[in-house]
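# Breakdown of the fold
Residues per chain are reported as follows:
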Amino acid sequence: MPRSVNAVASRARRKKVMKQAKGYFGRRKNVWTVAKNAVEKAMLYAYRDRRNKKRTFRALWITRINAGARMHGMSYSQFMGKVKANNIELNRKVLADLAMNHPDAFKAIVEKVK
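Residues numbered from 1 in each chain as written. Predicted model: local features only at pLDDT ≥ 70, side-chain atom pairs only at ≥ 80, totals over all residues. Heavy atoms only, no water.

## So, the packing of helix H4 (residues 92-101) against helix H5 (residues 103-113)
What counts is decided by this rule: What counts as an axis is a line fitted to C-alpha atoms, over the stretch in contact for a helix, and the angles between N-to-C directions run from 0 to 180 degrees. In DSSP terms, a helix is any run of H or I states spanning at least four residues, a strand is any run of E spanning at least two, and both are numbered starting from the N terminus. Roughly parallel means an angle under 35 degrees; roughly antiparallel, over 145; roughly perpendicular, 65 to 115; everything else is oblique. Throughout, a residue-residue contact means that at least one pair of heavy atoms, one from each residue, lies within 4.5 Å. Each residue receives one of three labels: charged for Asp, Glu, Lys and Arg, nonpolar for Ala, Val, Leu, Ile, Met, Phe, Trp, Tyr, Cys and Pro, and polar for the others, Gly being one of them.
The geometry of H4 relative to H5 is characterised by a closest axis approach of 6 Å and an angle of 120° between their N-to-C directions. On the basis of their axis angle, the class for H4 and H5 is oblique. Touching Leu95, Leu98, Ala99, Met100 and Asn101 of H4 are Pro103, Ala105, Phe106 and Ile109, all from H5. Considering only residue class, the contact of H4 with H5 consists of eight nonpolar, one polar and no charged.

## Overview of unusual backbone geometry
Stated formally: Each residue's exposure class comes from its accessible area (1.4 Å probe, protein chains only) as a fraction of the maximum for that residue type: buried when under 20%, exposed when over 50%, partly exposed otherwise.
You will see that asparagine 87, though not glycine, has its phi angle at about 55°, which is positive. Within the secondary structure, asparagine 87 is located in the loop between helix H3 (76-85) and H4. Judged by relative accessible area, asparagine 87 falls into the exposed class, the value being 63%.

## Things to note about H4
How we decide: This arc describes the spread of directions from the helix axis toward the C-beta atoms.
Three or more residues of H4 are buried, namely Leu95, Ala96, Leu98 and Ala99. Along the axis of H4, the buried positions cluster into a sector of 160°, meaning they face one direction only. Turning to H4, the residues buried within the fold contact helix H2 (32-70), H3 and H5.

## Concerning the pattern of salt bridges
What counts, and what does not: Counted as salt bridges are all cases of a side-chain nitrogen of Lys or Arg within 4 Å of a carboxyl oxygen of Asp or Glu.
Inspection of the entire model under this criterion finds one salt bridge. The residue arginine 48 makes a salt bridge to aspartate 49 at a minimum N-O spacing of 2.9 Å. Of the residues examined, aspartate 49 reaches a relative accessible area of 33% and is grouped as partly exposed.

## Quick notes on the packing of aromatic side chains
Going by this rule: Classification of ring pairs rests on two measures: the distance between centres of Phe, Tyr or Trp rings, Trp counted by its six-membered ring, which must be within 6.5 Å, and the angle between planes, read as stacked under 30 degrees, edge-to-face over 60 and tilted in between. Sitting over a ring, as applied to charges here, requires NZ of Lys or CZ of Arg to be within 6 Å of the ring centre and within 35 degrees of the ring normal.
By the definition in use, this model includes two aromatic pairs. On the basis of an interplanar angle of 40° and a centroid distance of 6.1 Å, the ring pair of phenylalanine 57 and tryptophan 61 is categorised as tilted. One end of the pair, phenylalanine 57, and the other, tryptophan 61, are both in helix H2, four residues apart, so they sit about a helical turn from each other. Between phenylalanine 79 and phenylalanine 106, the ring centres sit 5.2 Å apart and the planes meet at 45°, which makes this aromatic pair tilted. Of this pair, phenylalanine 79 sits in helix H3 while phenylalanine 106 sits in helix H5; the two residues are 27 residues apart in sequence, bridging distant segments of the chain. Of the residues examined, phenylalanine 79 reaches a relative accessible area of 0% and is grouped as buried. A relative accessible area of 2% means that phenylalanine 106 is categorised as buried. Here the basic side chain of arginine 14 rests over the ring of tryptophan 32, its NZ or CZ set 5.9 Å away from the ring centre.

## Describing the packing of H2 against H3
Where H2 contacts H3, the axes come no closer than 8 Å and their chain directions differ by 95°. One way to sum up the angle between H2 and H3 is to call them roughly perpendicular. Residues Ile62, Ile65, Asn66 and Ala69 of H2 form the contact with H3, whose participating residues are Tyr76, Phe79 and Met80. When its residues are assigned to classes, the contact of H2 with H3 shows six nonpolar, one polar and no charged.

Printed below as a string of structure tokens:
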């Protein structure tokens, strides 16, 4: 009995990967083995960096809050400690936005927690 291979499915798998590799440089876009490795690596980076993005944004928000708090004579840690103690339910994302785009509102929060 002849060997049965599912050429339709394997071709579809290859087409899917080659479509994902579209726009890559050199052999990464049109040679199957190179494209497969490139797409696999890209997927790993994408997975990893979806998590790293959360870290980097949190760091950015902390930097902005720190800059805003220091303009009013407080450090970031003092400010956040007093925010928590006064039960102000604003997260770092909102506080950073206020510090950057609405300095009057941020100043009001600093005055409230002092």
